[in-house]
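Residue-level structure breakdown
This is what each chain is made of:
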Amino acid sequence: MANFMNDAAPDGSRWKDFCSKESPKVGTDGLLTGRWRDAIVAAVAVEKAGGSRRYADGPAGQVIDYLCHKGFGKFRQNADATEQAAHAGRLRPPTSGHPSSGGYPDTRPVCPYGTGCYRKNPIHFQEYAHPWKEGGGGGGFEPGRPVCPVAAPQGGGKGGGKGGGGAFEPGRPVAAAGAGAP
């Protein structure tokens, strides 16, 4: 199951990287401020939109767990209060920030293939965020990310068939469906 902290944050990075750029701070109201508040409020927005089904745990709980994992357990009560305020509607996500949605949070997980992804299927782009292609910067290979798989040849891949058959060869054009081998 997915973890909200791996989803795209307003700056195109992952929420865990976005939050790690600053230590938690508490406002005069006892609630978190800054990036950690933004993450909790965005996670609650995902929960309210019904998007938490794809997560093993509630997205806001995952933000709070990450806060504690990073050694900021002393802010747990402030984080819980921030989550409660967001659920009560007293805190709302900003209406601008993420390039793909005209506002954030972008509830799509970041593509597991990273900047090495070359997929073109629109469904893939509906399911996964590509902040480096959507105005978030970046580019190139990212260590630790899986390599985007090569599509299997059409027609079974063993010789003949409609897809040109044979194994994928770098630099060799892939035949269109119904076309013969180049």
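About the criteria used
- Residues numbered from 1 in each chain as written.
- Predicted model: local features only at pLDDT ≥ 70, side-chain atom pairs only at ≥ 80, totals over all residues.
- Heavy atoms only, no water.
- Helix = DSSP H or I, 4+ residues; strand = E, 2+ residues; numbered from the N terminus.
- Contact = heavy atoms within 4.5 Å.
- Areas by Shrake-Rupley, 256 points an atom, 1.4 Å probe, with all protein chains shown as cover.
- Disulfide = S-S within 2.5 Å.
- Buried < 20%, exposed > 50% of the residue type's maximum accessible area, 1.4 Å probe, protein only.
- Lys, Arg positive; Asp, Glu negative; His and termini not counted.
- Salt bridge = Lys/Arg side-chain N within 4 Å of Asp/Glu carboxyl O.
- Polar contact = N/O pair within 3.5 Å; in protein donor to acceptor, adjacent residues only side chain to side chain.
- Axes fitted to C-alpha atoms, helices over the stretch in contact; angles between N-to-C directions.
- Parallel < 35°, antiparallel > 145°, perpendicular 65-115°, else oblique.
- Left-handed = near helix turned anticlockwise from the far one by under 90°.
- Nonpolar A, V, L, I, M, F, W, Y, C, P; charged D, E, K, R; others polar.
- Phe/Tyr/Trp six-rings, centres within 6.5 Å; stacked < 30°, edge-to-face > 60°.
- Lys NZ or Arg CZ within 6 Å of the ring centre and 35° of its normal.

If you tally the helices and strands in the protein chain, you get 5 helices and 2 strands. Going from the N terminus to the C terminus, the protein chain shows its helices and strands as α-β-β-α-α-α-α. Residue pairs at least 24 apart in sequence account for 47% of intrachain contacts in the protein chain once pairs closer than 6 positions are excluded. Surface summary for the protein chain: the accessible area is close to 9900 Å², and the carbon and sulfur share equals 53%.

Per the counting criterion, the structure on display carries 0 disulfides. Of all cysteine sulfurs, the one in C111 lies closest to C117, which takes part in no disulfide; the gap is 3.8 Å.

Moving on, we come to the side chain of E47. Inspection of the secondary structure assignment puts E47 in helix α2 (residues 34-48). K48 provides the closest opposite charge to the buried, salt-bridge-free E47, at an N-O distance of 8.7 Å. Polar side-chain contacts of E47 include one of 2.8 Å to the backbone nitrogen of A60.

This next bit is on the environment of D7. With respect to the element layout, D7 can be found in the segment before α1 (15-20). With 121 residues separating them in the primary sequence, D7 and Y128 have C-alpha atoms 8.9 Å apart.

For the pair helix α3 (residues 59-69) and helix α4 (residues 76-87), interaxial distance at closest approach is 10 Å and the crossing angle is 165 degrees. Between α3 and α4, the angle is such that the two are roughly antiparallel. Taken as a pair, α3 and α4 cross one another with a handedness that is right-handed. Within the contact between the two elements, α3 uses A60, I64, D65, L67 and C68 and α4 uses R76, A79, D80 and E83. Of the residues contributing to the contact of α3 with α4, the split by class is 5 nonpolar, no polar and 4 charged.

What follows deals with the pattern of salt bridges. Taken as a whole and judged by the stated rule, the model has 4 salt bridges. Residue K21 is joined to D11 by a salt bridge in which the shortest nitrogen-to-oxygen separation is 3.0 Å. Separated by 10 residues along the polypeptide, K21 in the loop between α1 and β1 (25-26) and D11 in the segment before α1 bring together distant segments of the chain. Between D65 and R76 there is a salt bridge, with the nearest N and O atoms lying 3.9 Å from each other. Of this pair, D65 sits in helix α3 while R76 sits in helix α4, and the two are 11 residues apart along the sequence.

Here the focus is the packing of aromatic side chains. Across all of its chains, the model carries 5 aromatic pairs by this definition. Arranged with centres 6.2 Å apart and planes meeting at 70 degrees, the rings of W36 and F72 form a pair that is edge-to-face. Of the two residues, W36 sits in helix α2 while F72 sits in the loop between α3 and α4, which places them 36 residues apart along the sequence. Take W36: its relative accessible area is 0%, and that puts it in the buried class. Considering the side-chain rings of F72 and F75, the 6.3 Å spacing of their centres and the 70 degrees angle between planes classify their relative orientation as edge-to-face. The class of F75 is buried, set by a relative accessible area of 13%. The residue whose ring lies beneath R35 is F18, and the NZ or CZ to ring-centre distance is 4.3 Å.

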